[in-house]
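Take a look at the letters that make up each chain.
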Amino acid sequence: FVSRYDEESAKVSKMPAGTVLTIDFTLEGQQFGALNGGPIFKFSPAVSFFVYCKSVEELDRLWKKLSKDGKVLMELSKYPFSERYGWCQDRFGISWQLILMDSQQKIAPCLLYVGSQAGRAKEAVDLYTSVIKNSKTNMAVPYEPGEDKVKGSHKHISFSLAGQKFVAMDSSMDHKFAFTHAISFLINCQDQTEVDKIWNTLSKGGSPEPCGWLRDKYGVSWQVVPENTYELLKRPNAFANMMKMKKLVIADF
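Residues numbered from 1 in each chain as written. Predicted model: local features only at pLDDT ≥ 70, side-chain atom pairs only at ≥ 80, totals over all residues. Heavy atoms only, no water.

*Asks:* Sorry, what's going on with the overall build of the protein here?
*Replies:* Tallying secondary structure elements over the protein gives six helices and 15 strands in all. Here the protein has a C-alpha radius of gyration of 19 Å; the compact-globule value for 253 residues is 18 Å, and the two agree. Reported as C-alpha extents along the three principal axes, the dimensions of the protein are approximately 55 × 35 × 35 Å. A buried classification covers 43% of the 253 residues belonging to the protein. Within the protein, contacts between residues at least 6 apart in sequence are counted, and of these 57% link residues at least 24 apart. In the structure as shown, the protein presents an accessible area of about 13900 Å², 54% of it carried by carbon and sulfur atoms. (Helix = DSSP H or I, 4+ residues; strand = E, 2+ residues; numbered from the N terminus. Rg over C-alpha atoms; globule rule 2.2 N^0.38 Å. Buried < 20%, exposed > 50% of the residue type's maximum accessible area, 1.4 Å probe, protein only. Contact = heavy atoms within 4.5 Å. Areas by Shrake-Rupley, 256 points an atom, 1.4 Å probe, with all protein chains shown as cover.)

In C-alpha cells form, the structure reads like this:
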C-alpha cells in the first residue's frame, strides 16, 4: 500500500501534493512501514535488524547486497556465538545483523542500549512486555562478571511483543550513537482505552510527540495508533486534526 500527500496534507506538511507519504510492505511475511520523513531523521545502529539465515550461501548472498555501498560494523566471520555472522549498515543507513541460525521468525528488530541507557535493557523489556498484550521474555543472558562495566547489563535478551520476536542488548562501550526517531515501532490499538493505556505507560518519563508518536524514557520511539487510522484519515480535515494531537484521540479526528 502506498499513500501520497493530498492537497490537505501537502498544505499542512509543506510537501508537494502527489509525492509519497508512506509505504506499507512485507519482508519474509513480516510487516514494515516506510515514511518519507526528511533530513531531520537519522538512522542509528542502536536499532538494527537480525536476519536469521539457514545456510552460508543465503547469508553471503544477503551480505553482498546489503553491505554494498554501505558500512561494515562487524566483519563477516566466525564468532564464538555463531559459525557465521556479520553486522553492516546499508547504503540507506539501516543496520542489519546477519547470523547463521534457524528461527521461525526470519527478521527480528534489535534494540541496543548504550551510553546513559546501558544496563537498562532488561528493565525496558520488562516494561514493554507488561503493557503490550501477548508479550513475554523468552531468554535473558546477563554478562559474566568482568565482561561489562555496568552492573546488571545483559549481552542478549530474546523477547516477543504481540507475538513478534525482538532482541535487546546492553553495551557500555563508547558508542557514538543512540536511539533516534528514524526507526519507531507501531502499535495498533483496538480502541481508545487501549491507546490510553499503552500511551500513558510508555510516555511516562519520556516525551510525547505529535501524531501519536512518543519517545519512552529509554529513548526508543513508538507510534501508538488506532488500528483503523487509515479510515479515520478519510474524514474531513482529519490530517490537520491529527497534526494538532500528541496522543491520538479517535473522537477528535
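*Asks:* I keep staring at unusual backbone geometry and nothing clicks. Help me out?
*Replies:* For residues besides glycine, phi is generally negative; the peptide bonds are generally trans as well. The phi torsion at Ala162 lies on the positive side, around 50 degrees, for a residue other than glycine. Tracing the sequence through the fold places Ala162 in the loop between strand E10 (154-161) and strand E11 (164-170).

*Asks:* Explain the packing of aromatic side chains to me, please; I cannot follow it from the model alone.
*Replies:* Here a ring pair, both rings aromatic, is described through the centre-centre distance and the interplanar angle of the planes. What the rule picks out here adds up to 16 aromatic pairs. Measuring from ring centre to ring centre gives 5.4 Å for Tyr79 and Tyr85, while their planes differ by 90 degrees; the resulting arrangement is edge-to-face. Ring geometry for Phe81 against Tyr85: centres 4.9 Å apart, planes inclined by 80 degrees, an arrangement best described as edge-to-face. Judged by its relative accessible area of 3%, Tyr85 falls in the buried class. Here a set of aromatic residues connected by ring pairs shows up, and it is made of Tyr113, Tyr128, Phe159, Phe166, Phe179, Phe185, Tyr218 and Trp222. (Phe/Tyr/Trp six-rings, centres within 6.5 Å; stacked < 30°, edge-to-face > 60°.)

*Asks:* What's the story with the state of the cysteines in this structure? I'm lost.
*Replies:* Throughout this description, disulfide means a covalent bond between two cysteine sulfur atoms. Across all of its chains, the model carries zero disulfides by this definition. In this structure Cys53 is not part of a disulfide, and its nearest cysteine sulfur, from Cys88, lies 11 Å away. On the accessibility criterion, Cys53 (0% relative accessible area) is buried. Counting only cysteine sulfurs, Cys211 is the nearest neighbor of Cys189, a cysteine outside any disulfide, at a range of 16 Å. (Disulfide = S-S within 2.5 Å.)

*Asks:* Teacher, can you tell me more about the pattern of salt bridges here?
*Replies:* For side chains of opposite charge, pairing can occur when their charged atoms come near one another. The tally for this structure, following the rule as stated, stands at nine salt bridges. The partner of Asp60 in a salt bridge is Arg84, and the shortest N-O contact between them spans 2.7 Å. Pair noted here: Asp60 is in helix H2 (residues 56-67) and Arg84 is in strand E6 (residues 82-89), with a separation of 24 residues, a long-range link. Accessibility expressed as a relative area gives 28% for Asp60, which makes it partly exposed. Since its relative accessible area comes to 22%, Arg84 is described here as partly exposed. Across the pair Lys234 and Glu231 runs a salt bridge whose closest N-O atoms are separated by 3.2 Å. (Salt bridge = Lys/Arg side-chain N within 4 Å of Asp/Glu carboxyl O.)

*Asks:* What is the right way to read the side chain of Ser221 from this model?
*Replies:* On the secondary structure map, Ser221 appears in strand E15 (residues 221-226). Residue classification places Ser221 among the buried positions, given a relative accessible area of 1%. Among residues more than four places away in sequence, those in contact with Ser221 are Thr180, His181, Ile183, Ser184, Phe185, Leu214 and Arg215.

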